[in-house]
Amino acid sequence: MSQTTARRVRQAAIELFATRGFHGTGIRDLAEAAGLSSATLYHYMGTKEDLLVSIMRTSLERLVTAAKQVTSDVPDPLDRVSRLVALHVLTHASQQLETRVVDGEIRALSDARRSEIIALRDEYEAFWQSAIDDGCSRGLLRPSSRRVARLALLEMCSGISRWYSPDGPFTLDDLACRYVEMALGLLGATDPLPKRELGPVHAVMAAVWGD
């Protein structure tokens, strides 16, 4: 399968899985959306679950790479939290369908495949937990529960994929900054909070996603 065809199949799968769900999407639906016959799709794609795992793996590997880059050599835990929040918000708003598939279809995976994806998700979330723990240890953050705070922040930031529109009243950068402000407030950061720059996050996203 050429790279162009592979991208077409992947995009068709992302759109269908995001709108109909994994179980609501048939092989015939995928083949029709990608402009291929079902036999050709089977030959090159493998199973439908193989395609879902590939989408999830690629997306999460990119997030892990980006999280590593935006937090590397950044000693201030508040800066690390801010960059992670901005990265998550910007990614989920710019890759809305893909991130909705990753966040919403893990339950559709078989046990054998689910463990690989959960391990990648845990690797990504570890960057968040490390920054929160570091901030707490230094007395800069004061959540009542570090683990619950991490889960709440991730859920809050992921939600933008379900409602963001570029036609809304705020730019995406404005929204990312507002999310950073809310995240630091939820974590009990000390006021006044310094302005957080998004330039490094944009640079990493452009390098990792090629946008």
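Refer to the structure printed above.
Owing to the predicted nature of the structure, the values given are computational and were not obtained by experimental measurement. (Residues numbered from 1 in each chain as written. Predicted model: local features only at pLDDT ≥ 70, side-chain atom pairs only at ≥ 80, totals over all residues. Heavy atoms only, no water.)

1. Quick word on the overall build of the protein chain
Put simply, the rule reads: Here a helix means four or more residues in a row that DSSP labels H or I, a strand means two or more in a row labelled E, and each is numbered from the N terminus. Note on exposure labels: buried denotes an accessible area under 20% of the residue type's maximum, exposed denotes more than 50%, and partly exposed covers the range between, all computed with a 1.4 Å probe on protein chains only.
The secondary structure content of the protein chain amounts to 10 helices and 0 strands. Secondary structure elements in the protein chain, listed N-terminal to C-terminal, are α-α-α-α-α-α-α-α-α-α. Across its three principal axes, the protein chain shows a C-alpha extent of roughly 60 × 40 × 30 Å. Expressed as a percentage of the 211 residues in the protein chain, the buried residues total 47%.

2. A short note on the environment of Ser 54
Summarising the element assignment, Ser 54 is placed in helix α4 (residues 48-71). A relative accessible area of 29% means that Ser 54 is categorised as partly exposed. With 44 residues separating them along the chain, Ser 54 and Arg 10 place their C-alpha atoms 8.8 Å apart.

3. Considerations on helix α9 (residues 172-186)
Quick reminder of the rule: Multiplying one less than the number of residues by 1.5 Å gives the expected span of a helix. In this description, contact between two residues means that some pair of their heavy atoms is separated by no more than 4.5 Å.
Counted at 1.5 Å a residue, the expected span for α9 with its 15 residues is 21 Å, and the 21 Å between its end C-alpha atoms agrees. Every buried residue belonging to α9 is among Leu 172, Leu 175, Ala 176, Tyr 179, Val 180, Ala 183 and Leu 184, and all of these are buried. Residues of α9 that are buried make contact with α5 (77-94) and α8 (146-158). Downstream of α9 by a residue or two, Gly 188 has a phi angle that is positive, lying close to 75 degrees.

4. Notes on the side chain of His 92
Residue placement: His 92 occurs in helix α5. Discounting chain neighbours no more than four positions away, the residues touching His 92 are Thr 99, Asp 103, Cys 157, Ser 158, Ile 160 and Ser 161.

5. Side note on unusual backbone geometry
Phi at Asp 73 takes a positive value of approximately 60 degrees, unusual for a residue other than glycine. Positionally, Asp 73 belongs in the loop between α4 and α5. You can call Asp 73 exposed: its relative accessible area is 79%.

6. Describing the nonpolar core
Spelled out, the test is: Grouping buried Ala, Val, Leu, Ile, Met, Phe, Trp, Tyr and Cys residues that are joined through side-chain atoms within 4.5 Å yields what is termed a nonpolar core.
Counting residues in hydrophobic clusters, the biggest one holds 70 residues, and the most contacted among them are Leu 30, Val 85 and Leu 87. Residue contributions to this core peak at 11 residues, all from α4. Each residue touching Leu 87, except ones within four places of it in the same chain, is listed here: Leu 63, Ala 66, Ala 67, Val 70, Val 201, Met 205 and Trp 209.

7. Re the packing of aromatic side chains
Stated formally: When the centres of two rings from Phe, Tyr and Trp lie within 6.5 Å, Trp using its six-membered ring, the rings pair. Their planes under 30 degrees apart give stacked, over 60 give edge-to-face, and anything left gives tilted. Placement of a charge over a ring requires the Lys NZ or Arg CZ to be within 6 Å of the ring centre, with the centre-to-atom vector within 35 degrees of the ring normal.
Within this structure, the stated rule accounts for 2 aromatic pairs. With centroids separated by 6.4 Å and ring planes inclined at 70 degrees, the aromatic side chains of Tyr 124 and Trp 128 adopt a geometry described as edge-to-face. You can see Tyr 124 and its partner Trp 128 sitting in helix α7 (residues 111-137), 4 residues apart, about one turn around the helix. For the pair shown, Tyr 124 and Trp 128 are each scored as buried. Positioned over the ring face of Phe 22 is Lys 48, at 4.3 Å from the centre of the ring.

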